[in-house]
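Residue-level listing of the chains:
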Amino acid sequence: AIVAKLSQKRSEFNYDESKVPKYSIPDPLVMQNGDPVTSADQWFDQRRPELLDSFRKLVYGQRPDTQYSLSFATVSEATILDGTAIGKTITATLQIDDHTFSFPFVLFTPTNAGNDLPAVILINNRSFPSVDEVNSKYDSFFPVKDLIDRGYAAAAFFTSDVDPDRADGFADGIRGFFAQGKPLADDAWRSLSAWGFAASRVLDYLERLPEIDSSRVAVVGHSRGGKTSLWAAAEDPRFAVAYSNHSGCGGAALSRRAFGETVDRITSAFPHWFSPNFAKYAGRENELPIDQHELFSLIAPRPVYVASADEDLWADPRGEYLSLVLSAPVYQLLGKRSIGDEVIADSDLTNSAYPPPLDHPVIVGQTGYHIGSGGHGLTHVDWKNFLDFFGRLPK
Ligand code: GTR
């Protein structure tokens, strides 16, 4: 059956709004026992923890609670980009008893930086962005020159250096290290959560640097990295801002719409990304006790930015936007404005203006969104719009 699903072409999935199944949206402000959530205290003390727990159980898996020690070593350091930046390669090492696991990351800071640098951490699902490459070739996926020119520190690591991006990669990555030879538990974390965990370890490092303002660190990712950036921010409230670019199914997009990539398809193609429980909802997404708008609810009241692209229908742009819109009640409860405040949202946005004009960011309160023209990718314009959003947030 899996082979049949995987041989199905992307063009054979649903891209017709009229064929989106009927669904009902779970209310983030209703407790599992049916009680309404009426105060910020109740949100943080009761509802948010049970919702976080549901996402761990049903979607991304449970991170280990094993104690570990963490150390960092600078492997190399160079002045690059015509003297405007310092690029470092650093190794993060986790240790449990006498076992260790290491992964590399890069960090770029402007030369002569003060003590107040905001930073971004890119979860790079494509490759390891070495200091030499960054110095010799501009890459819009990780446009370090732009980031430095705008006064940001920029860090990045490669997902597969942390947890190999393959169905059978468990034993070879950080999850295997934590399992210490034990088999993969059913409820255990999957790769997206492992990559998000690594972003938190890079943040641990940034917290140690006097030149970084660790209260202004964004976690950024594209596609599978964008699914990860949202989950990373849900798991780790120290991330001040999250940016998800074209993250689609299992990221920003509502699972219930089954538009473009579906739960069935993604859990068959990438079984290592999600808890096996997620696959059980294939074809019956409306029975999921949660949906992805509640991932934004977990990030609230912190700022979040979402980007879609008009040709990237596989990622369901409308479903990504709708999900952000539907998180508004939680932002409101927590005293913040968001895009949903300005949209008369029925559950399929038929009464509201969607899409907004191409390449034109909509920013309301804590949330920003744009739909870019073009296909699946992380571009110079995506970064520019996100950094404009990040830059206008109050310090
Ligand atoms: C696709 C997958 C998407 C997205 C994308 C990417 O194959 O179906 O969910 O993650 O890969 O990461 O570029």
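Because the structure is predicted, anything quoted here is derived from the model rather than measured.

## Considerations on the overall build of the protein chain
A count of helical and extended segments in the protein chain gives 14 helices and ten strands. The C-alpha atoms of the protein chain give 20 Å as radius of gyration, which agrees with the globular expectation for 395 residues (21 Å, within 12%). Dimensions of the protein chain along its principal axes, counting C-alpha atoms only, are 55 × 50 × 45 Å. Counting contacts in the protein chain only where the partners sit at least 6 residues apart, residues at least 24 apart contribute 71% of the total. Charged side chains of the protein chain number 37 positive and 51 negative; the gap between the two group centres comes to 1 Å.

## Quick word on the site of the ligand
In the region of the ligand, the neighbouring residues are Arg-10, Ser-223, Arg-224, Lys-227, Glu-261, Ile-266, Phe-270, Trp-273, Trp-314 and His-376. In this structure, Arg-10 approaches the ligand through a side-chain N or O atom, which is 3.1 Å from an oxygen atom. Contact between the ligand and Trp-314: an oxygen atom at 3.0 Å from a side-chain N or O atom of the residue. Protein contacts shield 86% of the accessible area of the ligand, which totals 320 Å² for the unbound molecule.

## What about the confidence of the model for the protein chain?
This prediction gives the protein chain a mean pLDDT of 95; 97% of its residues lie at or above 70. Scored as a whole, the predicted complex attains pTM 0.97, and scored at its interfaces, ipTM 0.98.

## Some details on the pairing of strand β8 (residues 304–309)
Within β8, six of the six residues are buried, leaving the element largely enclosed by the surrounding structure. On β8, burial covers both faces: Val-304, Val-306 and Ser-308 on one face and Tyr-305, Ala-307 and Ala-309 on the other are all buried. When strand β7 (residues 241–245) meets β8, the two strands line up parallel, connected through four bridges. Pairing of Tyr-243 across the sheet is with Tyr-305, part of β8.

## Concerning the side chain of Thr-262
Residue placement: Thr-262 occurs in the loop between β7 and α9 (263–269). A relative accessible area of 13% places Thr-262 in the buried class. Discounting residues that sit within four places of it in the chain, Thr-262 has contacts with Phe-13 and Cys-249.

## Overview of the packing of helix α2 (residues 40–60) against helix α8 (residues 224–235)
Where α2 meets α8, the closest approach of the two axes is 11 Å, and the angle between their N-to-C directions is 140 degrees. Here α2 is positioned oblique relative to α8, judged by the angle of their axes. Where α2 crosses over α8, the handedness of that crossing is left-handed. Each of Arg-48, Leu-52, Phe-55, Arg-56 and Tyr-60 in α2 lies in contact with α8, whose residues at this interface are Trp-231, Ala-234 and Glu-235.

## Quick word on the nonpolar core
By size, the foremost hydrophobic cluster in this structure holds 83 residues, and its most contacted members are Phe-55, Phe-103, Phe-105, Ile-121, Phe-157, Ile-174 and Leu-206. Broken down by element, this core gets its largest block of residues, ten residues, from helix α7 (residues 191–207). Dropping the residues within four chain positions of it, Phe-157 is found in contact with Phe-103, Pro-104, Phe-105, Ile-121, Leu-122, Ile-123, Asn-124, Val-162, Trp-195, Ala-198, Ala-199 and Val-202.

## Quick word on the side chain of Thr-89
Mapping Thr-89 onto the fold places it in strand β2 (residues 85–96). Residues within four places of Thr-89 in sequence aside, it is in contact with Ala-73, Thr-74, Val-75, Ser-76, Phe-105, Val-106, Phe-128 and Val-131.

## Section: the packing of aromatic side chains
A full pass over the atoms with the stated rule returns 29 aromatic pairs. With centroids separated by 5.5 Å and ring planes inclined at 80 degrees, the aromatic side chains of Tyr-243 and Tyr-305 adopt a geometry described as edge-to-face. In this pair, Tyr-243 is assigned in strand β7 and Tyr-305 in strand β8, connecting sequence segments 62 residues apart. Taking the ring centre of Phe-197 as reference, the NZ or CZ of Arg-201 above it sits at 4.4 Å.

Definitions and cut-offs
Residues numbered from 1 in each chain as written. Predicted model: local features only at pLDDT ≥ 70, side-chain atom pairs only at ≥ 80, totals over all residues. Heavy atoms only, no water. Helix = DSSP H or I, 4+ residues; strand = E, 2+ residues; numbered from the N terminus. Rg over C-alpha atoms; globule rule 2.2 N^0.38 Å. Contact = heavy atoms within 4.5 Å. Lys, Arg positive; Asp, Glu negative; His and termini not counted. Charge placed at Lys NZ, Arg CZ, Asp CG, Glu CD. Near = heavy atom within 4 Å. Polar contact = N/O pair within 3.5 Å; in protein donor to acceptor, adjacent residues only side chain to side chain. Areas by Shrake-Rupley, 256 points an atom, 1.4 Å probe, with all protein chains shown as cover. pLDDT = per-residue confidence, 0-100. Buried < 20%, exposed > 50% of the residue type's maximum accessible area, 1.4 Å probe, protein only. Pairing = 2+ DSSP bridges. Axes fitted to C-alpha atoms, helices over the stretch in contact; angles between N-to-C directions. Parallel < 35°, antiparallel > 145°, perpendicular 65-115°, else oblique. Left-handed = near helix turned anticlockwise from the far one by under 90°. Core = buried A, V, L, I, M, F, W, Y, C linked by side-chain atoms within 4.5 Å. Phe/Tyr/Trp six-rings, centres within 6.5 Å; stacked < 30°, edge-to-face > 60°. Lys NZ or Arg CZ within 6 Å of the ring centre and 35° of its normal.

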